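Chain residues, written in single-letter form:
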Amino acid sequence: MAFVLHEVHHPVGFLMEVKRILKPFGRLIVIDWEKKVEEKGPPFEERLPREKAEEVFKKAGFEKIETNNLNLSHYEVIGEKGNI
């Protein structure tokens, strides 16, 4: 999922639904904008810090969560559903 999470009004509920429809041990990869001022991309106020995105994954019940830098403007968060 790319450049969507910062637009969602209830990200925990949204990711819980994504998790629900994933196959057992399915993985979700989210790419989004770093929380910084840039000429391109969404306004600063709308950007979701990577720490908050990771927290949302945890609250939604994802396992084996990891975050990575993709470049100066983007990060990724990866989470696994598990066997539930």
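Here the residue numbers are simple positions, counted from 1 along each chain's written sequence. pLDDT decides what is reported in this predicted model: residues at 70 or higher carry local features, side-chain atom pairs at 80 or more are listed and counted, and totals for whole chains, interfaces and linings draw on all residues regardless. Hydrogens are left out, water is left out, and the side-chain values use all remaining heavy atoms of the structure.

Enquirer: What is the right way to look at the sheet that holds strand β2 (residues 63-69) in this model?
Expert: In a beta sheet, neighbouring strands are held together by backbone hydrogen bonds and run either parallel or antiparallel to one another. Strand pairing follows a simple DSSP-based rule, namely that at least 2 bridges must link the two strands. Numbering of helices and strands runs from the N terminus; a helix is a DSSP stretch of H or I covering at least four residues, while a strand is a stretch of E covering at least two. Spatially, the three strands line up as an open sheet ordered β1-β3-β2, and their pairing is antiparallel. Pairing within the sheet leaves two strands with one partner each, and these edge strands are β1 (27-33) and β2. Taking the axes of each pair of neighbouring strands and ignoring which way they run, one obtains an average angle of 15° across the sheet. Pairing of β2 with strand β3 (residues 74-80) involves five bridges; the strand directions are antiparallel. What sits directly across from N68, in β3, is E76. Geometry is summarised by axes, namely lines fitted to C-alpha atoms with helices restricted to the contacting stretch, and by angles between N-to-C directions that run from 0 to 180 degrees.

Enquirer: Where do I start with the packing of aromatic side chains in this structure?
Expert: How two aromatic rings sit relative to each other is given by the distance of their centres and the angle of their planes. Only the six-membered ring of Trp is used, alongside the rings of Phe and Tyr, when aromatic pairs are assigned; centres must lie within 6.5 Å, and planes under 30 degrees apart are stacked while those over 60 apart are edge-to-face, with the rest tilted. Following the criterion strictly, the structure yields two aromatic pairs and no others. Their ring planes at 45° and their centres at 5.1 Å tell us that F57 and F62 sit as a pair that is tilted. The rule is simple: take the accessible area with a 1.4 Å probe, protein chains only, and divide by the maximum for that residue type; under 20% is buried, over 50% is exposed, in between is partly exposed. Exposure remark for F62: the relative accessible area of 6% places this residue in the buried category. Note on criteria: charge over ring means Lys NZ or Arg CZ within 6 Å of the ring centre, with the direction from the centre no more than 35 degrees off the ring normal. Just above the ring of F44 sits the side chain of K35; from NZ or CZ to the centre is 4.4 Å.

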